[in-house]
Amino acid sequence: MNTRSTFPPEWTGRTGSVEPDALAVLLGGWASGPGTLAVRLSAALSRLLDREEIAPGARLPSERALASVLAVSRTTVVASYENLRQEGRAESRQGSGTRVLPRAGDSRGPGDRSDGTRTDEPGRGMLNPVLRALTDEHAAGSVSFVAAHLPGAAEFLIDAFAKSRRQLTALSSHHGYMPLGLPALRAALARTLSERGLPTREDEILVTNGAQQAIALVTSLLLSPGDEVILEDPTYPGAIDLFASSRLRMTAVPPAGEPGAVERIAAALRRPRARLLYLQPTFHNPTGAVLPERQRREIARLAEQSGIAILEDHTLADLSLGAPPPPPIVAFARRGTVLTVASLSKLYWGGLRIGWVRAPEAILHRLGRRKAMEDLGSSLPGQMMAVQLLEKTAAVGELRRRQVEERLDALVKGLTRKLPEWSWKRPAGGLTVWVKLPRGQGAEFAQVASRHGVSVLPGPVCSPTNSFADHLRLAFVPEPDEIKEGIDRLARAWDKYAAGREATRGRVRVIV
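About the cut-offs
- The numbers attached to residues start from 1 for each chain and follow its sequence in the written order.
- The predicted nature of this model means local features are confined to residues of pLDDT at least 70 and side-chain atom pairs, given and counted, to a pLDDT of 80 or more, with totals for whole chains, interfaces and linings taken over all residues.
- To obtain the side-chain values, all non-hydrogen atoms of the structure were used and water was disregarded.
- Aromatic contacts are taken between Phe, Tyr and Trp rings whose centres are within 6.5 Å, Trp giving its six-membered ring; a plane angle under 30 degrees counts as stacked, one over 60 as edge-to-face, and the others as tilted.
- Here a strand is any run of E in DSSP of at least two residues, a helix any run of H or I of at least four, and the numbering for each starts at the N terminus.
- Working definition: with a 1.4 Å probe on protein chains only, accessible area under 20% of the residue-type maximum means buried, over 50% means exposed, and in between means partly exposed.
- Confidence of the prediction at every residue is given by pLDDT, a number between 0 and 100.
- By definition, residues are in contact when any of their heavy atoms lie within 4.5 Å.
- At least two bridges found by DSSP between two strands are what make those strands a pair.
- Throughout, right-handed denotes a crossover for which the path from the first strand over the helix to the second runs clockwise when the strands point away from the viewer.

1. Brief notes about the packing of aromatic side chains
On inspection of all chains with the given rule, the structure shows 7 aromatic pairs. Here Trp422 and Trp494 contribute two aromatic rings whose centre-to-centre distance is 5.7 Å and whose plane-to-plane angle is 90°, an arrangement assigned as edge-to-face. Of this pair, Trp422 sits in the loop between helix 14 (393-418) and strand 12 (423-424) while Trp494 sits in helix 16 (residues 480-504); the two residues are 72 residues apart in sequence, bridging distant segments of the chain. Trp494 shares its class with Trp422; the two are buried. Ring pairs connect the aromatic residues Trp422, Phe445, Trp494 and Tyr497, which therefore count as one cluster.

2. Considerations on the confidence of the model for the protein chain
Of the residues in the protein chain, 88% have a pLDDT of 70 or more, and the chain-wide mean is 87. Here residues 1-15 scores under 50 on pLDDT; set against residues more than four positions off or in separate chains, the count is 67 contacts. A low-confidence stretch, residues 506-512 stays under pLDDT 50, and its non-local contacts, those more than four residues away or across chains, total 28 contacts.

3. Observations regarding the pairing of strand 6 (residues 228-232)
With 5 of 5 residues buried, strand 6 is to be regarded as a mostly interior element. Residues of strand 6 alternate between two faces, with Glu228, Ile230 and Glu232 on one and Val229 and Leu231 on the opposite face, all of them buried. The sheet contact formed by strand 6 and strand 7 (residues 249-253) spans 5 bridges and is parallel. Note on strand 7: the bridge partner recorded for Val229 is Met250. Handedness of the crossover is the feature at issue here: the chain leaves strand 6, passes through helix 9 (residues 237-245), returns alongside strand 7, and the resulting connection is right-handed. Inspection of the sheet shows strand 6 paired to strand 8 (residues 274-279) by 4 bridges, in the parallel sense. Within strand 8, the residue paired with Leu231 across the bridge is Tyr278.

Pasting the structure below:
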């Protein structure tokens, strides 16, 4: 059974080393801007040191290893490291490589950060490029296929905001703390799920700050450090980060629906420390696949037999590109513990931060107490808007379907015309295409692509085992014209990258 260490590749004080691939992710689109590549690289490294994403005492990758993963010459890395040494930010010693130095006057020990944390705490470092893209500035003129979120459905949001003002006035006399969520929204969500064929009561719904918090609450309630979570490989990068930061052991299985996946899941459920099975049965991220009903029934049966809880993530379930998907796994569970999470982020707007958990009442109230300790409850104005928006689900769904189909068609036409060597399957829904490169590595190519003004997500970021080195995840959320431009840039970057690999035949690649 494939497992991943309890946290992603990191650096741990004076004995820690920064993995080349991890550093490449942290550097992101470092190559844009003025100056030579060496100047730009040293500036990007300095920014990471300033933000304490690489801590004093950490050992940087060797010049050769970093040059390879960044697809630049070793001379570029040597010069950038020399710049850091000249600035007093790093030192090099024979046999021990190049290490990061604390700033002058900094009395903290190796691995200590200014916020009181240490770098040996798992989950630190923000290695997920999707999350980093939300906090870093987006380079002007670049095209991003990284983050899978659409712009807000503005017309519907404005209308919902206007209609919720009267409710806000009426509710303002209340103290405003509702850890379980606004009763009107919990009732509306229960009604929506029931209308879709999943009978649900209001007391089975907990409102959260998006699906990410929902997953986090379930994880913190049901698992302890050292427990095993079973998850698909590949899967949603945010879940990998969350499980890693919780010090969980991750047992990888093929995406549910692939040949042999159910047998692998059954075997994993028998592992002594297995506590949770995390699945994306509807429009899987990143593949866009749908788990057939027969296998949903089988997985529900297996979970009942094992007594292990299932967490099914339906965040993308509203973005269908074909026939309606089967009912959730919980619809086929008679006695097993199945928790379902979803959100309004993909259909309406990520800025709403409205998600939810559907769970058995006893578990739900324990989740509510845990949420109360975290934030005392989600914002009520956003929940009031959500009540209004749920009345427009059919109209918004039709709008989103048109938008997603247009964007996917633009991506498909571009890939077919410009990059025919790449292989992929058309997704049944969702916002991403899972691409296999004919040669090379996704992390290396992502560096070359960034120098052509386009961002892509390397496959290992979506893998709990750091697998799929030859894959990319492409989110088709920009406007169609922007997607077309992005594909043109990817094609030019691929020509450079493929030519560089052929010319060097395994030596360090210099691709600009």
